[in-house]
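Below are the chains, spelled out letter by letter.
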Amino acid sequence: MHLIPTQDEVVALLRNTGALRDGHYEYSNGLHSNEYLQVPLAMRYYQHAKTLSVALSRLLRANTEIRAMIPELSIVAPATGGLPVAYGVCEALRANQVYWAERENAHEPQHFRQYHQVQPGEPVLLVDDILRSGKKLSELKNLVESKGGQVVGLAVMIYQPNPDMIDFSPLPLYYLAKLDAMYYRDAAGCQLCKAGVPVEKVQT
Ligand SMILES: [Zn+2]
């Protein structure tokens, strides 16, 4: 494998670990798709997690502005999927600190732990395992900014944009592979439903 794995190498790793699946899936928001990705299935192998984290950190280092702020940089993730990514990237980059936001359940807003302080102007890199709609990272960005932090970019292992994807430009976005899954707004418009392929419900 290359120091920064190619798109094909990343996809092969995802398939070999069962993280990337072909089939017919229905998300909780009603979207139907021919592909499902569960990155933690790849991240459970420590060496894979390390390979992917180091690769992502190399992409980040290539950005001279981000490289210059590494000593002050905070790596911030939504719990829980983003945690191994955050720690892996923080270690590989030798960034200043790592922390996360969590929520009690899917209907509650994200929050930081009690007594946690974001410093005014603190440079923050948001990370997660996957970027699909951007809803979670957008909420996290608003949370960081409401506390005075300055979001300087986003980095995810896999970019699998769906039709509801939020545009984060002009912030730089880094990822190791982009997956172009087919999405259907609902069952009525779904080719796989039409073809009678059994559907599996997936959570996120
Ligand atoms: Zn369908």
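Here is what the cut-offs are and how they apply
Residues numbered from 1 in each chain as written. Predicted model: local features only at pLDDT ≥ 70, side-chain atom pairs only at ≥ 80, totals over all residues. Heavy atoms only, no water. Pairing = 2+ DSSP bridges. Helix = DSSP H or I, 4+ residues; strand = E, 2+ residues; numbered from the N terminus. Contact = heavy atoms within 4.5 Å. Axes fitted to C-alpha atoms, helices over the stretch in contact; angles between N-to-C directions.

A.B. asks: Explain the sheet that holds strand E9 (residues 200-201) to me, using residue names and the numbers behind them.
C.D. replies: Backbone-to-backbone hydrogen bonds join strands into a sheet, with any given pair of strands oriented parallel or antiparallel. As summarised here, the arrangement of the four strands in space is E8-E2-E1-E9, forming an open sheet in which the pairing is mixed. Two strands in the sheet have a free side with no partner beyond their single neighbour: strand E8 (183-184) and E9. In this sheet, E9 lies alongside strand E1 (residues 20-26) in parallel orientation, the contact comprising two bridges. Its bridge partner being in E9, Tyr-25 is matched across the sheet by Glu-200. The strands that helix H1 (residues 7-16) touches are E1 and strand E2 (32-37); relative to E1, the one it contacts most, it runs at about 70 degrees.

A.B. asks: Pulling in residues and values, what's your account of the environment of Leu-125?
C.D. replies: Tracing the backbone through its elements, the reader meets Leu-125 in strand E5 (residues 123-131). A sequence separation of 25 residues divides Leu-125 from Gln-150, and the C-alpha atoms of the two residues are 8.6 Å apart. Dropping the residues within four chain positions of it, Leu-125 is found in contact with Leu-60, Leu-73, Ser-74, Ile-75, Val-76, Val-152, Gly-153, Leu-154 and Ala-155.

In short, geometric facts, not functional conclusions.
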